[in-house]
Each structure stands twice: as structure tokens, then as C-alpha cells.
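Each chain is listed here by its residues.
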Amino acid sequence: MSYKIKSLLYFICFVASAVLYYALEPENNNKNNRDSAEIIELRSDNLDLDYKLAKLEKIQE
């Protein structure tokens, strides 16, 4: 069997497996992941770069 036929056969098998995987995946998991978003609260004192920069400049003086 030539390498072109083998590679075409492998490609067809790959595409078929991808389509089957997508088709057989439960729809409930996809809907739950898209519809439910969690909001993560970040501590603002860790993100306040101006405060950290001012503190660093104060230390350097």
C-alpha cells in the first residue's frame, strides 16, 4: 500500500473519530460550562500598582 493511500486512510479515520467524539459528547456538560460563569473576586490591594510604585520610590529615597 502506498504512503499516499495510508495517509489518506489515517486522515479519514482521524476525521471520523473527531466527528464521533463531538457527536457523542454529552450536551449537558457543554451547556453548563457556557451558561454558568463564576466571578472571582481579587484582592485589590495586591493589584494596586500605583501604591506599590509609590512605596518603592519611598524606600529608594
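Keep in mind that what you see is a predicted model, and the values were worked out from it rather than measured.

1. Notes on the overall build of the protein chain
What the protein chain contains, in helices and strands, is four helices and zero strands. The helix and strand sequence of the protein chain, counted from the amino end, reads α-α-α-α. Of all 61 residues assigned to the protein chain, the portion counted as buried reaches 0%. Accessible surface for the protein chain amounts to roughly 6,600 Å². Of this, 60% is attributable to carbon and sulfur atoms.

2. Some words on a nonpolar patch on the surface
Together, Leu8, Phe11, Ile12, Phe14, Val15 and Val19 give the surface a local cluster of nonpolar side chains, amounting to about 600 Å² of exposed area. Checked against the element boundaries, Phe14 lands in helix H1 (residues 3-24). Judged by relative accessible area, which is 56%, Phe14 ranks as exposed.

3. A word on the UniProt feature "transmembrane region" (unreviewed entry) in the protein chain
Feature annotation in UniProt places "transmembrane region" (unreviewed entry) on residues 7-24, given in this structure's numbering. The span residues 7-24 is 100% helix and 0% strand, and its two end C-alpha atoms sit 25 Å from each other.

4. Looking at H1
Taking 1.5 Å of rise per residue, the 22 residues of H1 would be expected to cover 32 Å, and the 31 Å separating its terminal C-alpha atoms lies within 8% of that figure. Counting buried positions along H1 yields zero of 22 residues, so the element is predominantly exposed.

5. So, the confidence of the model for the protein chain
When pLDDT is averaged along the protein chain, the result is 78, and 64% of the positions lie at 70 or above. Per-element confidence in the protein chain ranges from a low mean pLDDT of 56 for helix H2 (residues 27-35) to a high of 95 for H1.

Rules of the game
Residues numbered from 1 in each chain as written. Predicted model: local features only at pLDDT ≥ 70, side-chain atom pairs only at ≥ 80, totals over all residues. Heavy atoms only, no water. Helix = DSSP H or I, 4+ residues; strand = E, 2+ residues; numbered from the N terminus. Buried < 20%, exposed > 50% of the residue type's maximum accessible area, 1.4 Å probe, protein only. Areas by Shrake-Rupley, 256 points an atom, 1.4 Å probe, with all protein chains shown as cover. Patch = residues over 30% accessible without salt bridge, like charges linked within 9 Å, V, L, I, M, F, W, Y side chains within 5 Å. Salt bridge = Lys/Arg side-chain N within 4 Å of Asp/Glu carboxyl O. UniProt positions renumbered as here; feature names shortened; annotations may be inferred. Expected span 1.5 Å × (residues − 1). pLDDT = per-residue confidence, 0-100.

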